[in-house]
2 protein chains.
Amino acid sequence: MAPQTAPNQVTLPASLLLDSGETLAGVTIAYESYGSLSAAKDNAILVCHALTGDQYLASTHPLTGKPGWWERMVGPDKPIDTDRFFVICANVIGSCMGTTGPASPTADGQPYAMRFPVITIRDMVRGLVGLLDGLGIAQLHAVVGGSMGGMQALSLAANFPDRAARVLAIATTARHSAQNIAFHEVGRQAIMADPAWADGDYYAQAQRPIAGLAVARMAAHITYLSEAGLTEKFGRRLQDKADGSAGAKSFGFDADFQVESYLRYQGSGFTRRFDANSYLYITRAMDYFDLAEEHGGQLAKAFAGTAARFCLVSFDSDWLYPTAESRHVVHALNAAGAAVSFVELSAPFGHDSFLLDVPALDRVVKGFLE
Amino acid sequence: MAPQTAPNQVTLPASLLLDSGETLAGVTIAYESYGSLSAAKDNAILVCHALTGDQYLASTHPLTGKPGWWERMVGPDKPIDTDRFFVICANVIGSCMGTTGPASPTADGQPYAMRFPVITIRDMVRGLVGLLDGLGIAQLHAVVGGSMGGMQALSLAANFPDRAARVLAIATTARHSAQNIAFHEVGRQAIMADPAWADGDYYAQAQRPIAGLAVARMAAHITYLSEAGLTEKFGRRLQDKADGSAGAKSFGFDADFQVESYLRYQGSGFTRRFDANSYLYITRAMDYFDLAEEHGGQLAKAFAGTAARFCLVSFDSDWLYPTAESRHVVHALNAAGAAVSFVELSAPFGHDSFLLDVPALDRVVKGFLE
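Below is a short write-up of the structure. (Residues numbered from 1 in each chain as written. Chains lettered and ligands numbered in written order. Predicted model: local features only at pLDDT ≥ 70, side-chain atom pairs only at ≥ 80, totals over all residues.)

With respect to the relation of the copies chain A and chain B
Once turned by 180 degrees and shifted 0.0 Å along the axis, chain A lies on chain B with an RMSD of 0.0 Å. The superposition of one copy onto the other is thereby described by a two-fold rotation axis. A shared binding surface is used by both copies, with 100% of the interface residues of chain A retained as interface residues in chain B. (Least-squares fit on C-alpha atoms with pLDDT ≥ 70 in both. Contact = placed C-beta atoms within 7 Å.)

Structure (structure tokens):
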């Protein structure tokens with residue numbers, strides 16, 4: 001699809017009361033939409049993005065020039081069919097692609113930086129509901145998300161039960177585990193160890209904490225892939241040399257192995273499109289996520305009386321949010337008497353399977369949205 | 001056992017020819033020993049240490065004041081019985097506890113730093129064999145090691161087949177996988193991203209790259225533990241507050257979760273006893289390790305004609321070097337006609353199980369050394 005030159009933005013009329021107790025005023029939500037909203041406003045699908053995702057779901061990313069992150073899933077005649085549905089994707093609060101976040105100016109004209117309040121997944125959802133209000137959409141045909149997007153989908157179902165008729169949560173969890181928190185903490189420490197981070201006040205500096213952010217991304221990226229997938233994709237293969245000849249060990253610290261080169265590329269590419277403080281805030285929101293805790297310690301209570309239909313999808317090679325986490329949600333939905341279907345798909349790509357070529361996922365998504 | 005105030009050291013009479021083709025002259029090997037060498041010099045057991053280990057196997061670490069890292073396994077009447085065996089543990093080449101490494105002075109009086117040659121596991125073993133020569137030990141009763149120590153044990157068996165009658169390799173692998181390399185690369189990038197690293201020339205500086213080294217340790221540490229172990233040990237439990245009251249989310253970036261606090265502690269403690277350049281060199285050696293590649297691409301060839309008895313031990317919760325890696329070695333030993341026993345032990349601690357309280361491991365070790 002053609003890139004849009006300016007992001008669609010809505011500024012929420014009311015301040016948001018956050019889980020922290022703080023309020024956030026003048027919140028702007030940047031979003032993209034695809035397809036047409038019906039007169040009855042009953043054909044909207046909200047797609048929620050993951051940690052480092054954005055609203056460029058099915059259109060070219062303005063910074064990278066790359067296709068939208070779910071072009072394979074969203075478009076005319078695709079599983080999320082834009083000939084039929086009005087598909088919305090909004091940048092979450094705390095992020096850096098037009099929605100209010102740490103890089104946004106506060107009342108004094110300076111960026112919030114670390115003055116930005118710590119937010120939660122529910123706070124992100126409050127922002128999304130504000131966007132739906134602004135668009136006049138009382139109830140979504142469906143809310144859909146993978147990874148952190150799935151957390152938002154579940155949170156919306158739990159906290160705003162009338163706002164979505166269908167909830168599709170892919171490769172996600174109802175709470176961050178100790179290991180999930182640990183990996184995020186490594187990333188945060190990598191950013192905060194970078195002197196260019198400067199306690200978050202780097203926006204006016206020539207240098208940004210790109211070295212720390214790249215390390216954070218590299219560590220996280222390993223968790224998005226499966227061990228078997230890494231072995232198949234890279235194994236112990238060496239990089240070809242600059243002159244095109246076959247690789248050999250350098251007995252130095254250059255990227256000898258293809259997997260090293262790939263990780264460095266992932267790390268450095270990421271720093272060109274993402275803000276380090278946003279990474280801190282969004283990982284914190286994910287670590288704080290525990291849907292049961294918000295609802296008296298019982299996950300079933302989060303979904304009590306829901307009329308929505310749910311679909312949970314996990315991948316057998318996902319060790320970040322393994323199938324057991326989806327099953328835990330399914331059991332809670334069963335206990336709440338909700339309509340729920342669940343499928344574990346076989347795919348070799350680990351957690352990233354939800355973004356990649358998994359035809360079985362296409363069929364599940366298309367079928368559930370009928 | 002009582003700490004020794006000065007390390008035992010041997011300086012090798014000949015230069016070492018390394019796998020890189022470079023030579024390393026004047027190599028000093030620092031070691032500790034426990035028990036007494038028999039007159040026939042036939043009761044020696046060499047224990048090889050892991051990545052961040054050292055020779056303080058069963059005696060107090062001079063920097064940390066902590067007990068030896070395998071006190072539970074090595075001592076009078078323990079599975080590696082020092083009443084019976086002469087037990088040796090040497091700091092590997094490239095490390096930083098007295099053996100020649102990047103922090104050691106070169107001929108010009110300055111530390112090697114990044115002028116130190118890139119070494120391999122086999123180079124470490126060459127150093128260990130030099131030590132055995134110096135001690136007059138023609139054949140070990142056994143070589144024993146966990147993790148990188150197991151790599152050394154296998155490498156010694158393959159490259160110096162007459163030097164050990166028994167080979168006990170625990171929680172290890174014959175080659176580093178793409179995922180193993182990826183995690184190490186994150187650690188190296190974290191160190192090299194630290195401005196205090198200064199291309200490795202930090203020894204004369206007031207500041208050392210402790211922030212980067214701590215991040216490297218944190219990332220690696222997650223891989224040493226199992227997801228289930230982390231959940232049992234920490235779960236989502238919050239830190240108690242400084243005043244002793246029950247923890248609550250701070251809505252900030254302090255260590256709210258116990259697992260965050262634990263990781264930070266692991267990271268910072270490590271920097272007080274380990275050299276960042278040593279971390280670079282030793283992880284590189286591990287990533288280069290591929291015992292089959294050294295022997296014509298067939299692992300069985302590495303063990304052709306061996307007369308040693310082998311024992312491989314893996315742990316069911318170890319996802320760093322999972323059971324499949326040990327089984328791969330066992331199959332090669334079977335193909336080579338070697339005498340081999342293999343056991344997968346059940347233990348909840350992940351890769352670190354080999355260091356922790358696993359009574360079944362004690363029995364296996366004791367039985368194999370009979």
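As for the pairing of strand β10 (residues 166-170) of chain A
Each regular strand displays side chains that alternate between the two surfaces of the sheet. All names here are of chain A. Buried residues dominate β10, accounting for five of its five residues. Alternating positions in β10 separate into two faces, R166, L168 and I170 on one and V167 and A169 on the other, with burial throughout. When strand β9 (residues 142-146) meets β10, the two strands line up parallel, connected through four bridges. Pairing of G145 across the sheet is with A169, part of β10. Crossover handedness for the path β9 to helix α2 (residues 148-159) to β10: right-handed. By the bridge criterion, five bridges tie β10 to strand β11 (residues 309-315) in an arrangement that is parallel. In the sheet register, V167 faces β11, and the bridge partner there is F310. (Buried ≥ 20, exposed ≤ 12 C-beta atoms within 10 Å, placed from the backbone. Helix = DSSP H or I, 4+ residues; strand = E, 2+ residues; numbered from the N terminus. Pairing = 2+ DSSP bridges. Right-handed = clockwise from strand over helix to strand, strands pointing away.)

Section: helix α2 (residues 148-159) of chain B
Residues and elements named next belong to chain B. Helix length check: α2 (twelve residues) gives 16 Å between terminal C-alpha atoms against 16 Å at 1.5 Å per residue, within 8%. α2 sits mainly inside the fold: eleven of its twelve residues count as buried. Within the span of α2, buried status applies to M148, G149, G150, M151, Q152, A153, L154, S155, L156, A157 and A158. (Expected span 1.5 Å × (residues − 1).)

Describing the interface of chain A and chain B
The interface is formed by 42 residues belonging to chain A together with 42 residues belonging to chain B. Contributing elements (two or more residues each) for the side of chain A that touches chain B: α3 (178-193), α4 (210-224), α5 (227-233), α6 (258-271) and α7 (276-288) of chain A. A breakdown of the residues in the side of chain A that touches chain B according to their chemical character gives 23 nonpolar, eight polar and eleven charged. (Nonpolar A, V, L, I, M, F, W, Y, C, P; charged D, E, K, R; others polar.)

Considerations on unusual backbone geometry
We note that D77 of chain A has phi near 65 degrees; this positive angle belongs to a residue other than glycine. Among the structural elements, D77 of chain A can be located in the loop between β6 (74-75) and β7 (80-81). In the Ramachandran plot, A198 of chain B falls in the positive-phi region, its phi being about 50 degrees despite a non-glycine side chain. Relative to the helices and strands, A198 of chain B resides in the loop between α3 (178-193) and α4 (210-224). With 15 C-beta atoms counted inside 10 Å, the residue A198 of chain B sits in the partly exposed group.

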